[in-house]
Amino acid sequence: VLSSYGITLGTLVIDDTDKKRSKNTTRIFFNYKVYDKSTDGYFNGQTIVFLLLVTPEVTFPVGFAFYRPDPQLALWRKEDIRLKKLGIPKKKRPPLPPENPTYPSKEQISMNLLLQFREQHPSIQIQMVLADAFYGTAEFVNHASTLFQTQVISQVRSNQLVRFRNQMWSVEKYFEKF
């Protein structure tokens, strides 16, 4: 499809979305209990991480993958919060369980999507990679910028620092002044 449209350059956009499903969802792939920010509650659903190619002519979905949290990590977090409330110091609480490769993080999924795109479409020049603030970690930004030899733009949080004329400024003060 990309070659038939003559697509040679574009911008990659990474994001994720939560899709609500019915309450009886035992047979739906990668279904889990998702936190709903709007109601401060939970719903049964799926999380999909997707990759879009945005060109001057048209926008294409070029990759997606399902995300599911590690159940062992979820149990550890729940227990850690309970122990914190009891006042138990960190060194006496159980350590973080090792990463389970069966349950990759959203960041790892997005890195895999970028790698797959690069392998499948080496002739397409990527101008930049745009990502949600969630993907703004140093590891992700370094991986994506190295993979495509371009800049990666993510949302900036107000508590971050930016370097301007060899000085570190808080984002809030930087935008107030400039």
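By convention here, each chain's residues receive numbers from 1 onward along its written sequence. Selection of residues for local features in this predicted model requires a pLDDT of at least 70, selection of side-chain atom pairs for listing and counting requires 80 or more, and totals for whole chains, interfaces and linings are taken over all residues. Note that the side-chain values use all heavy atoms of the structure and ignore hydrogens as well as water.

### Regarding the pairing of strand β2 (residues 32–36)
For a regular strand, side chains alternate in direction, first toward one face of the sheet and then toward the other. Each pair of strands is called paired provided DSSP finds at least two bridges between the two strands. Put simply, DSSP H or I for four residues or longer makes a helix, DSSP E for two residues or longer makes a strand, and each gets a number counted from the N terminus. Relative to strand β3 (residues 41–54), β2 is paired through 5 bridges, and the arrangement is antiparallel. Bridge pairing in β3 links Y32 to G45. Connecting β2 to the antiparallel partner β3 that follows it, the hairpin turn spans 4 residues, and D40 within it adopts a positive phi of roughly 60 degrees.

### A short note on the side chain of E107
Turning to its location among the elements, E107 is positioned in helix α2 (residues 106–120). We call two residues contacting when some pair of their heavy atoms lies within 4.5 Å. Dropping the residues within four chain positions of it, E107 is found in contact with Y135, T137, E139 and F140.

### Remarks on the side chain of T11
Within the secondary structure, T11 is located in strand β1 (residues 9–20). For T11, the residues in contact, after removing those within four places along its chain, are L52, L53, V54, Q127, M128 and L130.

### A closer look at the pattern of salt bridges
When their charged atoms lie close together, side chains carrying opposite charge are able to pair. Within this document, salt bridges are pairs made up of a side-chain nitrogen of Lys or Arg and a carboxyl oxygen of Asp or Glu, the two lying within 4 Å of each other. Inspection of the entire model under this criterion finds 3 salt bridges. Linking K106 and D16 is a salt bridge whose minimum nitrogen-to-oxygen distance equals 3.5 Å. A residue pair is termed long-range when its members are at least 10 positions apart, and K106 in helix α2 and D16 in strand β1 qualify at 90 residues. With respect to class, K106 is no different from D16; both count as buried. Note that R82 and E79 form a salt bridge whose closest N and O atoms lie 2.7 Å from each other. On the criterion of helical spacing, the pair formed by R82 and E79 is a turn pair, its members being 3 residues apart in helix α1 (residues 71–85). Think of it in three bands: with a 1.4 Å probe and only protein chains considered, a residue is buried below 20% of the maximum accessible area for its type, exposed above 50%, and partly exposed in between. Residue class for E79 comes out partly exposed when judged on its relative accessible area of 30%.

Take it as geometry only, folks, not as evidence of what the structure does.
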